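Results of the structural survey
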Amino acid sequence: MTEEFRHHLDLRTRDLVREGLSARQAARKAKLEFGHIDGHLIDARNSRGLVHFDQLRFSALDVKLGVRMLVKYPGLSLVAVIGMAVAIAIGAGAFSLIESMMETTVPLPDGDRVVALRNAIITEPGQNRASLRDFTAWRDGLKSVEDVAAFTTTRRNLQVPGEGVELVRVVRMTASGFSLARTAPVLGRPLLEEDERDDARVLVIGYEEWQQRFAADPAIVGRRVGLGTDQYTIVGVMPEGFRFPVNDGYWIPLVFGQAERAQDDAVSLTIAARLVEGATFESAQAEFNNIGTRMAAAYPDTHQRLRPRVIHYTRAFFDLDTPGAIWTFGYLFRLFLSLLLVVVAVNVAILVYARTATRVGEIAVRTALGASRARVVTQLLAEALVLSLTAALAGLTIAGVALAKLQELAQQELHQRRFGLPFWVDLGLSPAVITYALALAIVGALIVGVLPALKATGRRVQTNLQQLSGRGGTRMQLGRAWTALIIAQVAVAVAVLPFAVHITEDAIAMAAVDPEYRFEEFLEASLAMDRADLSDTSAVGRSVMEQRFRTRAAELIRRLESDPAVAGVTMVGSYERAQVTGMASPGADQRNIALGTERIQRVDAHFFALYGMPILAGRAFTEADAHPGATAVIVNELFAEDKFGNSSVLGRQLRIPREANDAGDVEAAPWLEIVGVVDDFKADGYEPEFGGRIYLLADIAQLSAPISLAIRVRVEPAISFAPRLREIAAAVDPALQLDELMSQADMYRQGKLFPRYIAIGTTVLTVSVLLLSAAGIYAMMSFTVARRRREIGIRSALGADARQLLTSIFARASAQITAGILFGLIGTIALERLSGKGPVRDGNFPVLLLVAALMTTVGLIASLGPARRGLAVQPTEALREE
């Protein structure tokens with residue numbers, strides 16, 4: 001508009017010059033005729049409704065003043081930035097996870113049209129299934145989708161001549177899966193439909209596997225490798241980054257045997273497809289419902305309880321396949337995380353309000369000089385934006401580091417156990433995550449800036465201007481609402497901190513515990529058998545396979561024990577739980593007593609000796625205890641003391657259900673006799689407490705796959721024996737699989753990472769809560785002392801000593817802290833009832849006393865600074881002001 005007005009002036013000046021006036025006279029007369037430009041600008045903007053935007057606009061000076069405020073109040077700025085940064089970091093990190101699970105499309109050509117097809121079991125929420133019969137019907141009957149593909153995963157021993165043996169994850173997939181992916185290989189070809197024959201043994205590998213496992217051999221196509229008990233020919237290499245369907249690098253044809261075709265439930269499939277051009281999710285679901293109705297009528301025994309669904313491909317792997325799950329996880333969870341920032345922002349608003357209270361004179365003078373309320377509020381909002389954007393930058397940095405670490409841990413898991421995050425999951429700071437964090441920052445700025453600004457620029461502005469002239473002190477008050485917020489803040493801290501302390505203690509204990517044996521000498525693995533060639537799925541066929549596994553496992557153990565690098569081998573069964581009963585005493589008294597649900601572990605006769613577990617009483621297992629009618633069991637010392645006190649437990653009898661997970665068959669179980677007591681010893685985990693244990697002797701002929709093997713080796717490091725171990729197992733039987741093979745040193749090291757991160761995260765949140773509580777109390781006390789400055793000076797002039805002044809200053813803070821602690825203890829009891837555990841229920845009253853003392857100390861320390869400033873008020877200054 002300014003340029004337009006000047007253009008009119010120039011035109012009028014030229015007209016006047018043509019009429020005979022000089023250039024100077026013409027310019028002066030044109031300005032007089034036109035009038036003041038600024039007045040026209042105001043009238044024009046008012047006529048267009050832009051005056052409100054003029055009052056709300058930000059200027060560079062507002063931003064500059066906001067930066068000065070951060071520097072001028074470093075303590076408040078630090079606490080506010082830390083609190084909001086932690087909240088924004090949690091929100092941004094969780095948003096990234098949710099986005100990866102729900103909003104990301106699979107990174108394939110037209111990936112937004114790739115869908116998953118599944119049957120939901122209506123009687124079992126969260127359970128899904130799809131069979132060979134479903135795949136055939138959907139592939140042949142659906143018109144709204146194309147490239148219908150089926151796949152399932154398995155584990156196979158990959159044997160590369162001259163390169164050793166490695167257990168890898170293999171995808172059995174129909175050739176249509178590569179058509180669905182629409183991605184051409186960099187070498188060779190993908191799987192073809194003619195490969196889906198019983199005699200086809202072809203393999204496609206991923207780019208990463210080609211680089212790492214085969215040293216980027218350019219002549220890789222045509223090379224033969226062992227996969228389980230068969231030889232496969234590599235026919236293609238997929239491009240870098242291609243990991244379809246989940247995070248995979250080996251693909252073989254999905255071939256259905258006669259048993260699988262005869263029995264519909266013989267194999268469970270994952271089925272994917274692509275929406276055809278013009279089809280939508282709604283139209284595909286309608287067609288899917290029709291074919292589901294026909295399938296239910298044709299096969300009522302298997303399909304009456306099934307409901308077909310079409311869902312986004314990426315959501316299928318996180319069970320987000322219902323509107324309720326999507327709403328709860330996608331929106332309600334985000335709302336909860338956003339409310340976390342709102343709570344923090346309200347606390348920060350208390351601090352900012354106390355700071356704003358010291359600027360009432362400035363605000364009153366600006367108002368007297370013509371600044372509107374909206375303009376003052378805008379300036380304070382700009383200052384809050386500087387603070388919240390600084391917190392957003394810090395929060396995004398924290399979230400980025402945490403997400404990168406999580407992605408790294410997932411990649412390590414992928415390399416070590418051949419499983420990781422889906423290939424479309426990118427735990428990074430995407431534009432959507434950054435936008436969400438900035439939105440949180442703006443919401444925080446509105447709360448932090450607008451609420452105190454509205455309070456400070458209310459009806460008392462004129463009164464504040466009068467008070468500024470010397471007639472009395474400021475009357476600006478925190479009010480009951482702010483006081484209630486401080487009490488609520490202390491209450492929340494007291495209610496939550498006991499649980500945080502409990503979690504941190506457990507996490508630290510789990511991260512600090514170490515086994516009581518030379519764990520660095522042990523390898524551990526899960527031993528199973530590849531069932532790819534199990535053509536007979538009947539009970540007889542499965543029994544034959546189990547017998548083959550037991551025979552091969554016994555041979556593997558025998559060969560390992562004869563290897564010079566092996567000090568010993570033992571079988572370690574997983575823990576089970578069962579309802580155990582026992583006799584009240586050995587001998588005449590045969591009354592049964594319930595011993596409760598106890599942990600049971602099956603071990604072989606070499607277990608205690610190999611781990612160096614001392615027998616404290618009685619004897620260890622012998623080979624004679626392995627026959628079917630044997631009744632010997634061994635318990636640890638903690639079980640003996642907990643169940644039978646100081647009396648001898650040797651000779652006492654127990655009953656354990658034949659199936660440890662079946663609690664209803666105790667009376668039918670035989671009586672077992674305790675023949676020994678071992679030390680409280682853990683050889684398989686990271687819990688800070690050992691707990692009671694019952695050990696049963698298990699022979700290899702009694703166990704089913706999978707079983708756990710522990711191998712004590714004489715080489716350092718122990719993991720260096722792993723390639724040799726795989727070679728021995730493959731020589732015994734290529735179908736023997738050593739899964740999760742790792743040294744126990746690495747196992748314990750990795751097991752400590754999660755509790756360590758839990759301890760760090762809980763500590764950060766706890767410190768943030770304490771800082772906010774302390775800052776709120778500090779702000780309240782600072783404001784109170786500022787309001788009572790003259791009163792304190794006059795009382796001092798009238799003879800009040802320091803103790804009386806401190807008592808009056810601390811009285812309000814102490815009352816609020818006490819009220820907050822009482823409400824917090826009530827909250828602790830309420831949380832205990834919801835969670836079923838807590839310090840009161842567990843009798844851990846010192847934690848409650850510690851938290852109460854901590855909050856009291858924090859509050860009093862926060863009050864100390866303002867109190868000292870109150871004592872420093874000079875009586876003469878206060879009287880002179882009066």
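Read on for a plain summary of the structure.

What counts as what
- Residues numbered from 1 in each chain as written.
- Predicted model: local features only at pLDDT ≥ 70, side-chain atom pairs only at ≥ 80, totals over all residues.
- Heavy atoms only, no water.
- Helix = DSSP H or I, 4+ residues; strand = E, 2+ residues; numbered from the N terminus.
- Buried < 20%, exposed > 50% of the residue type's maximum accessible area, 1.4 Å probe, protein only.
- Axes fitted to C-alpha atoms, helices over the stretch in contact; angles between N-to-C directions.
- Parallel < 35°, antiparallel > 145°, perpendicular 65-115°, else oblique.
- Left-handed = near helix turned anticlockwise from the far one by under 90°.
- Contact = heavy atoms within 4.5 Å.
- Nonpolar A, V, L, I, M, F, W, Y, C, P; charged D, E, K, R; others polar.
- Salt bridge = Lys/Arg side-chain N within 4 Å of Asp/Glu carboxyl O.
- Core = buried A, V, L, I, M, F, W, Y, C linked by side-chain atoms within 4.5 Å.
- Polar contact = N/O pair within 3.5 Å; in protein donor to acceptor, adjacent residues only side chain to side chain.
- Patch = residues over 30% accessible without salt bridge, like charges linked within 9 Å, V, L, I, M, F, W, Y side chains within 5 Å.
- Areas by Shrake-Rupley, 256 points an atom, 1.4 Å probe, with all protein chains shown as cover.
- Pairing = 2+ DSSP bridges.

The residue after Phe-244, namely Pro-245, is reached through a cis peptide bond having omega 10 degrees. By the secondary structure assignment, Pro-245 is in the loop between strand E8 (230–237) and strand E9 (250–253). With an omega dihedral of -10 degrees, the bond running from Glu-716 to Pro-717 counts as a cis peptide bond. Here Pro-717 is to be found in the loop between strand E21 (707–713) and helix H22 (722–732). One non-glycine residue, Asp-110, lies in positive phi territory at about 55 degrees. The residue Asp-110 is located in the loop between helix H6 (74–103) and strand E1 (114–121) in this model. The class of Asp-110 is partly exposed, set by a relative accessible area of 40%.

Moving on, we get to the packing of helix H1 (residues 2–18) against helix H2 (residues 23–34). As a packed pair, H1 and H2 sit with axes 8 Å apart at the nearest point and diverge in direction by 130 degrees. When the interaxial angle is binned, H1 and H2 end up oblique. Here H1 runs over H2; the crossing is right-handed. Each of Phe-5, His-8, Leu-9, Arg-12, Thr-13, Leu-16 and Val-17 in H1 lies in contact with H2, whose residues at this interface are Ala-23, Ala-26, Ala-27, Lys-29, Ala-30, Lys-31, Glu-33 and Phe-34. Tallied by class, residues from the contact of H1 with H2 come to 9 nonpolar, 2 polar and 4 charged.

Further remarks concern the pattern of salt bridges. This structure, assessed with the given rule, holds 24 salt bridges. Across the pair Arg-243 and Glu-209 runs a salt bridge, and its minimum N-O distance is 2.9 Å. Of this pair, Arg-243 sits in the loop between E8 and E9 while Glu-209 sits in helix H9 (residues 207–213), placing them 34 residues apart in sequence. The pair formed by Arg-243 and Glu-209 is uniform in burial state, with each residue classed as buried. Each of the salt bridges in this network shares a partner with another, and the network as a whole consists of Arg-518, Glu-520, Glu-521 and Arg-712.

The next subject is the environment of Met-571. Tracing the backbone through its elements, the reader meets Met-571 in strand E13 (residues 566–572). Between the alpha carbons of Met-571 and Ala-710 there is a distance of 6.3 Å; along the sequence they are 139 residues apart.

Below, the discussion takes up the nonpolar core. Grouped together as the largest cluster of nonpolar side chains are 34 residues, with contacts concentrated most on Met-84, Ile-88, Leu-341, Val-348, Leu-387 and Val-448. Of all the elements in the fold, those that place two or more residues in this core are H6, helix H13 (323–357), helix H15 (373–417) and helix H16 (431–456). Within the second largest apolar cluster, 32 residues are counted, among which are Ile-557, Met-571, Ala-698 and Ile-707.

Before going further, it helps to spend a moment on the side chain of Asn-157. In this fold, Asn-157 is placed in strand E3 (residues 145–160). Only 3.0 Å separates the side chain of Asn-157 from the backbone oxygen of Pro-734, close enough to count as a polar contact. Among the polar contacts made by the side chain of Asn-157, one reaches the main-chain carbonyl oxygen of Leu-736 at a distance of 2.4 Å. Sequence-distant contacts of Asn-157, that is, excluding residues within four places in its chain, are made with Val-165, Glu-166, Leu-167, Gly-226, Leu-227, Gly-228, Pro-734, Ala-735, Leu-736 and Gln-737.

Taken together, Leu-389, Leu-429, Ile-434 and Leu-438 make up a surface patch of nonpolar side chains, about 290 Å² in accessible area. Positionally, Ile-434 belongs in helix H16. Since its relative accessible area comes to 32%, Ile-434 is described here as partly exposed.

The next point concerns the pairing of strand E22 (residues 736–743). Across the 8 residues that make up E22, a large majority, 6, are buried. Two strands pair when backbone bridges link them, and strand E12 (residues 522–529) and E22 are joined in this way by 6 bridges, in the antiparallel orientation. Residue pairing for E22: Glu-524 is matched across the bridge by Met-742.

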